[in-house]
Amino acid sequence: MKQASDRPRIPASVTSVRVVFWSTLVLTGFAIAAVAWFLVDPAPPARIKIATGIEDGFYDRLGRRFALRLRQERVEVDLVPTAGSAENIDLLRASDVDAAFVQGGVGSPPPRDTHLRSLAALAIEPLWIFSRGVDTLSGLDGREDLRIAIGSGGSGTRQLMMHVLALTGLAGGMATEALDGAAAAAALRDGTVDLAAFVTSPQTLWVHDLLRDPAIRLVEMDYADALTRRLPFASRVDLPARAIDIVDKVPAEDTSILGVATVLLVRESLHPAIKQLMLQISTMLARGDPVLGTRGQFPSADLVEYPLDTEAERYFRYGPTPARRYLPYWAANLFERFWVLMIPIATLLIPILRFGPTTLQWSIRRRIYRWYRDLKDLEGAALDASTETELKTVLDGLHEVERQVSVIRVPLAFRDDLYRLRMHVAFVRAEVTQNLAR
């Protein structure tokens, strides 16, 4: 028989089973969270690349404004100057940049298998055609040997103007020059070209200068509505008299021109958190242009040709998530990543929490019931004892069991089991004492 004294003694300072249980539960939760953290979407990149346009053009200025806001949220930005929209799309398709500003109609129609997505239309860019003496587009009919600056090969201006010239039948009588921006404006002033076209905002420096030059005329699109029917990505823009400058009467009279949307395109694989941040910045920056009558119309999901990104669909339908509405970017991103972890963590912890109380009760009662095996062995030894010495040995064993049971620490709810054990020990001791007295 194994004596009670041979069993390891349980000190009074032993850690509570409850503490062990909850500590194990918490550590398990942390372990699950740590594993899931690396399995969910990775953290958003700390640096992105945005393709803009020519220096000091609308896309260049827009890119600098986006970069400033992104850097305030600790996202570094590399602005990539380009010749324009066509080059921007090429860079996006090659995954050389993460986002780009693109003129509506460029790259249209998009391929079915494209991995490029639209985040939002940010503004309407007018098509400015300036001339040395011609007031209307129809006034160019029948003119030959004209030279027009329509931008370089990678620009959206060139693509749009090629559409316009082809539709109006003017392509055959004009020689195109690959000049854009300030170079095209300078060529128009010195007579190197007869016309110059720009797709840019009214705030662009060379547009302001040409509108104020008495030798230069702004060509009116006198059949703009007809052109918009043939160019679905274009819209009519009515420029009221004096809308640019009331005092200097710029323009001198109401003028109709064409306009196309500026669209923010991204790679589909760009991190959703960056997309959400850029959409929020778009809302702050793209308020529209009061000169063009577009105040409050942007950002918009209606003027895009490439498929709208799923993050953009969610943003335009519901607005920013609550976390991104009220928290800084880094905190919102941390919260949303942690929130995603709650589903797998809860899935794994629910069974633990469900069976935890039962397991806890079994663990506590086991500390008490383990002594019944020794008590049974001692009772059997007492029945088999034939001498007084053997009975005294059984009594010593019972005293040792009672001593060790007296130092067992259990919660108050389980004290009745402990007292019941002590009563059974006393009952066996009474029987042994009775047998010893005979």
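Everything below is about the structure printed above this text.
Now for a quick tour of the structure.

Some thoughts on the layout of surface pockets
The computed volume of the second largest pocket comes to approximately 380 Å³. Lining the second largest pocket are 16 residues, and of these I216, R217, L218, P251 and A252 sit closest to its centre. Elements with a minimum of two residues in the lining of the second largest pocket: helix 6 (205–212) and strand 8 (217–218). For the lining of the second largest pocket, the per-class residue count stands at seven nonpolar, two polar and seven charged.

Comments concerning the packing of aromatic side chains
All chains considered together, the criterion is met by eight aromatic pairs. Ring geometry for F58 versus Y59: centroids 6.0 Å apart, planes at 50°, classification tilted. The burial state of F58 is the same as that of Y59; both residues are buried. Consider the rings of Y315 and F316, whose centres lie 5.9 Å apart with planes at 85°: the pair is edge-to-face. Given a relative accessible area of 9%, Y315 falls into the buried group. Its relative accessible area of 30% is what places F316 among the partly exposed residues. Taken together, F58, Y59, F66 and F101 form an aromatic cluster joined through their ring pairs.

So, the pairing of strand 10 (residues 255–267)
With respect to burial, strand 10 is a largely interior element, 13 of its 13 residues being buried. Here strand 3 (residues 99–103) pairs with strand 10 via five bridges, running antiparallel. Along strand 10, the bridge assignment pairs A100 with L265. Here 10 bridges tie strand 4 (residues 116–131) to strand 10, and the two strands are oriented antiparallel to one another. By the bridge assignment, A123 is partnered in strand 10 with T262. Bridging between strand 9 (residues 234–239) and strand 10 involves six bridges; their strand directions are antiparallel. When the bridges of strand 10 are listed, L239 appears paired with T255.

Structural notes on helix 13 (residues 388–406)
Between the first and last C-alpha of helix 13 there are 27 Å, a value that for 19 residues agrees with the 27 Å anticipated at 1.5 Å per step. Among the residues making up helix 13, those that are buried are L391, V394, L395, G397, L398, E400, V401, Q404 and V405.

Describing empty space enclosed by the protein
In the structure shown here, the tally under the stated rule is one cavity of 30 Å³ or more. The calculated volume of the largest cavity comes to roughly 250 Å³. If you go around the largest cavity, you meet 21 residues; those closest to its centre are I54, A83, S155, T157 and V199. The set of elements that each furnish at least two residues to the lining of the largest cavity consists of helix 2 (58–72), helix 4 (156–168) and strand 7 (195–199). Per-element tally for the lining of the largest cavity: the top contributor is strand 7, with three residues. Its residues assigned to classes, the lining of the largest cavity comprises eight nonpolar, 11 polar and two charged.

A short note on unusual backbone geometry
The omega angle of the peptide bond from S108 to P109 is -5°, so this bond is cis rather than trans. Looking at where P109 falls in the secondary structure, it is placed in the loop between strand 3 and strand 4. In this structure, P299 follows F298 across a cis peptide bond, with omega equal to 0°. Mapping P299 onto the fold places it in the loop between helix 8 (272–285) and helix 9 (310–318). One non-glycine residue, R74, lies in the positive phi region at around 70°. For R74, the position within the fold is in the loop between helix 2 and strand 2 (76–80). The phi dihedral of K249 is positive, around 55°, even though this residue is not glycine. Its location among the elements puts K249 in the loop between strand 9 and strand 10. Looking at K249, the relative accessible area reads 47%, which means it is partly exposed.

Brief notes about the nonpolar core
Counting 95 residues, the largest nonpolar core has L127, F130 and M278 as its most contacted members. In terms of residue count, strand 4 provides more of this core than any other element does, 11 residues in total. In contact with L127, other than residues within four places in its own chain, are L160, M161, V164, A197, F198, V199, M221, I257, L258 and G259. Formed by 21 residues, the second largest nonpolar core is a distinct cluster that contains W371, A382, V405 and V410.

Regarding the side chain of T255
Structurally, the position occupied by T255 is in strand 10. There is a polar contact of 3.0 Å between the side chain of T255 and the backbone oxygen of E253. What T255 contacts, discounting residues up to four positions off in sequence, is L218, E220, V237, D238 and L239.

Quick look at helix 5 (residues 181–189)
Think of an α-helix as turning once every 3.6 residues; residues three or four places apart then point the same way. Those residues of helix 5 not exposed but buried are G181, A184, A185, A187 and L188. The arc enclosing the buried residues of helix 5, seen along the axis, measures out at 160°, which places them on a common side. Where helix 5 is buried, its residues touch strand 4, strand 5 (146–149), strand 7 and helix 6. At the C-terminal side of helix 5, G191 shows a positive phi close to 85°.

A word on a nonpolar patch on the surface
A contiguous nonpolar surface patch, about 350 Å² in accessible area, is contributed by Y326, L327 and F335. Note on placement: Y326 falls in helix 10 (residues 322–326).

Re the packing of helix 5 against helix 6
Contact geometry for helix 5 and helix 6: axes closest at 9 Å, N-to-C directions at 20°. Comparing the axis directions of helix 5 and helix 6 gives the class roughly parallel. Two packed elements cross with a definite hand, and for helix 5 against helix 6 that hand is left-handed. Facing G181, A182, A185, L188 and R189 of helix 5, the residues of helix 6 in contact are W206, D209 and L210. Residue classes in the contact of helix 5 with helix 6 are distributed as five nonpolar, one polar and two charged.

Cut-offs applied
- Residues numbered from 1 in each chain as written.
- Predicted model: local features only at pLDDT ≥ 70, side-chain atom pairs only at ≥ 80, totals over all residues.
- Heavy atoms only, no water.
- 1 Å grid on protein atoms, 1.4 Å probe; cavity = no way out; pocket = protein on both sides within 12 Å on 5 of 7 lines; lining within 4 Å.
- Points joined across faces, edges and corners; volume = space filled by probe spheres on them.
- Helix = DSSP H or I, 4+ residues; strand = E, 2+ residues; numbered from the N terminus.
- Nonpolar A, V, L, I, M, F, W, Y, C, P; charged D, E, K, R; others polar.
- Phe/Tyr/Trp six-rings, centres within 6.5 Å; stacked < 30°, edge-to-face > 60°.
- Buried < 20%, exposed > 50% of the residue type's maximum accessible area, 1.4 Å probe, protein only.
- Pairing = 2+ DSSP bridges.
- Expected span 1.5 Å × (residues − 1).
- Core = buried A, V, L, I, M, F, W, Y, C linked by side-chain atoms within 4.5 Å.
- Contact = heavy atoms within 4.5 Å.
- Polar contact = N/O pair within 3.5 Å; in protein donor to acceptor, adjacent residues only side chain to side chain.
- Arc of directions from axis to C-beta.
- Patch = residues over 30% accessible without salt bridge, like charges linked within 9 Å, V, L, I, M, F, W, Y side chains within 5 Å.
- Areas by Shrake-Rupley, 256 points an atom, 1.4 Å probe, with all protein chains shown as cover.
- Salt bridge = Lys/Arg side-chain N within 4 Å of Asp/Glu carboxyl O.
- Axes fitted to C-alpha atoms, helices over the stretch in contact; angles between N-to-C directions.
- Parallel < 35°, antiparallel > 145°, perpendicular 65-115°, else oblique.
- Left-handed = near helix turned anticlockwise from the far one by under 90°.

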